[in-house]
Amino acid sequence: MATADQVKALIKSHAAGDDERFYAVALQLAAREARNGHANYARDLKELIDASRSRVSPPSPTPVAAPRGDLASLLTAEYPDERLCDIVLDEEVLAELKRVLKEQRQRDQLRATGFAPLRRLLLLGPPGTGKTMTARVLAGELHLPLFTVRLEGLITKFMGETAAKLRIVFDAVAQTPGVYLFDEVDALAGSRTQGNDVGEIRRVLNSFLQFMEQDYSDSIVAAASNLPEHLDRALFRRFDVTLHYPMPTGVIANQVIRNRLASLCLTGVNWQLVATASNGLSHAEVTSASERAAKDAILTGASEITTDLLVGALKKGSKAIIPTVK
């Protein structure tokens, strides 16, 4: 059944003549019923909504690639072309990612039997370990736009405005299917137990949690954080899957290099030495180092990538890492 907030939203949108908002909430109701196992009721609601919308002249569509109005300052949009073969991940993370893709591709079959596909992902791990790339792969594999939430446009010194802007973002989540990435989500969902917390910040977090709870759209919502220990524990319950991204092993690092330099000759590389040199580097740092080695080879006229070039580039990358201040 509809929640009190959804009933209020239906009445307010109808009174304001906001058809798109009205239908978005109604579709959320249908999705909720399907999720609760009421497949026939959900189908009837969907048919009523579709029939009603067909009798109303649709508004001029906003190009997905260029959000307008308030959304222009809150979202950036693109159509990634990355695929699973472009990403190298820990086996457990890769298996979960494949599961999400499988359920999304068969979501109609799941919903017909009262189940909802996995669509809310919490991505946790150090910088450069593949969290943003995961969102790009999801969008590319499912042929969806990737919308990245711009925190600089979302978070203001007036917390009430931030909550209002969050509603605009989640309205877009309901109305325009896509992959929506909240990067550095700890800025929105920091722990309420921190000593420097204030009431307004808590209200923003509560609004974010509420919007997540009420979202029954077809969009994929991904939230990424480098600081999982700073996240409020209630946030974890709002997500279907939590993916933990470790730093790459030597084997993973070598595969990252092979993928990036697939068009070049690597036959003489001592991969054991390369794996050792990559220790402590993230996926992004390994990729950057492999690109440096490739450019060095090209600029010097070398016919292949050597072990010395790769190890030297990886060591430079290791020296560039800023040490942790204790």
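1. Focus on the packing of aromatic side chains
Turning to step 1, where the next piece is worked out: The tally for this structure, following the rule as stated, stands at 5 aromatic pairs.
Turning to step 2, where the next piece is worked out: With 6.0 Å between their ring centres and 65° between their planes, Phe-170 and Phe-208 make a pair best called edge-to-face. Taken together, the positions of Phe-170 in helix H8 (residues 159-175) and Phe-208 in helix H9 (residues 199-214) put the pair 38 residues apart, joining distant regions of the chain. A single burial state applies to Phe-170 and to Phe-208, both of which are buried.
Turning to step 3, where the next piece is worked out: Here a set of aromatic residues connected by ring pairs shows up, and it is made of Phe-170, Phe-182, Phe-208 and Phe-211.
Turning to step 4, where the next piece is worked out: Taking NZ or CZ as reference, Arg-258 lies 4.0 Å from the ring centre of Trp-271, over its face.

2. A short note on the environment of Leu-144
Turning to step 1, where the next piece is worked out: Here Leu-144 lies in the loop between helix H6 (131-142) and strand E3 (146-149).
Turning to step 2, where the next piece is worked out: Given the relative accessible area of 17%, Leu-144 is considered buried.
Turning to step 3, where the next piece is worked out: For the pair Leu-144 and Ser-219, spaced 75 residues apart in the sequence, the C-alpha separation amounts to 9.1 Å.
Turning to step 4, where the next piece is worked out: Setting aside its immediate chain neighbours within four residues, Leu-144 contacts Tyr-79, Pro-80, Ala-139, Pro-177, Gly-178 and Val-179.

3. Quick word on the sheet that holds strand E5 (residues 220-225)
Turning to step 1, where the next piece is worked out: Read across the open sheet, the 6 strands follow the order E1-E3-E4-E5-E2-E6; overall the sheet is mixed. The two strands at the open ends of the sheet, each matched to only one other strand, are strand E1 (75-78) and strand E6 (241-244). Within this sheet the neighbouring strands show an average axis-to-axis angle of 20°, counted without direction.
Turning to step 2, where the next piece is worked out: With 4 bridges connecting them, strand E4 (residues 179-182) and E5 associate as parallel partners. Pairing of Phe-182 across the sheet is with Ala-223, part of E5.
Turning to step 3, where the next piece is worked out: The sheet contacts of helix H4 (residues 91-105) involve strand E2 (120-124), E5 and E6, and relative to E6 the element is tilted by about 150°.
Turning to step 4, where the next piece is worked out: Packing against the sheet, H6 makes contact with E1, E2, E3, E4 and E5, and its axis sits at approximately 170° to E4.

4. Topic: the packing of helix H11 (residues 250-260) against helix H13 (residues 283-299)
Turning to step 1, where the next piece is worked out: Put simply, H11 and H13 touch, their axes get as near as 9 Å, and they point 45° apart. Considering their axes alone, H11 and H13 lie oblique with respect to each other. For the element pair H11 and H13, the recorded crossing hand is right-handed. Two secondary-structure elements touch here, H11 through Ile-252, Ala-253, Val-256, Ile-257 and Arg-260 and H13 through His-283, Val-286, Thr-287, Ser-290 and Glu-291.
Turning to step 2, where the next piece is worked out: Grouping the amino acids of the contact of H11 with H13 by side-chain chemistry returns 5 nonpolar, 3 polar and 2 charged.

Definitions and cut-offs
Per chain, residues are indexed from 1 in the order of the written sequence. Restriction of local features to residues with pLDDT of at least 70 applies here, the model being predicted, together with a cutoff of 80 or more for giving and counting side-chain atom pairs; totals for whole chains, interfaces and linings are based on all residues. In computing side-chain properties, one takes all heavy atoms of the structure into account and sets aside hydrogens as well as water. A pair of Phe, Tyr and Trp rings is counted when the ring centres sit within 6.5 Å of each other, with Trp represented by its six-membered ring. The angle between the planes then sorts it: under 30 degrees is stacked, over 60 is edge-to-face, the rest tilted. Numbering of helices and strands runs from the N terminus, with a helix taken as a DSSP run of H or I at least four residues long and a strand as a DSSP run of E at least two residues long. Exposed residues in this analysis have more than 50% of their type's maximum accessible area, buried residues have under 20%, and partly exposed residues fall in between, with area computed by a 1.4 Å probe over protein chains only. In this scheme, the term charge over a ring applies when either NZ of a lysine or CZ of an arginine sits within 6 Å of the ring centre and within 35 degrees of the ring normal. A contact between two residues is defined here by any heavy atoms of the two lying within 4.5 Å. Two strands pair under a simple rule: DSSP has to find at least two bridges between them. The angle between two axes is taken between their N-to-C directions and runs from 0 to 180 degrees, where each axis is a line fitted to C-alpha atoms and a helix contributes only its stretch in contact. If an angle is under 35 degrees, it is roughly parallel; if it is over 145, roughly antiparallel; if it lies from 65 to 115, roughly perpendicular; otherwise it is oblique. For any pair of crossing helices, the crossing counts as left-handed if the nearer helix is rotated counterclockwise from the farther one by less than a right angle, and right-handed if it is rotated clockwise. Each residue receives one of three labels: charged for Asp, Glu, Lys and Arg, nonpolar for Ala, Val, Leu, Ile, Met, Phe, Trp, Tyr, Cys and Pro, and polar for the others, Gly being one of them.

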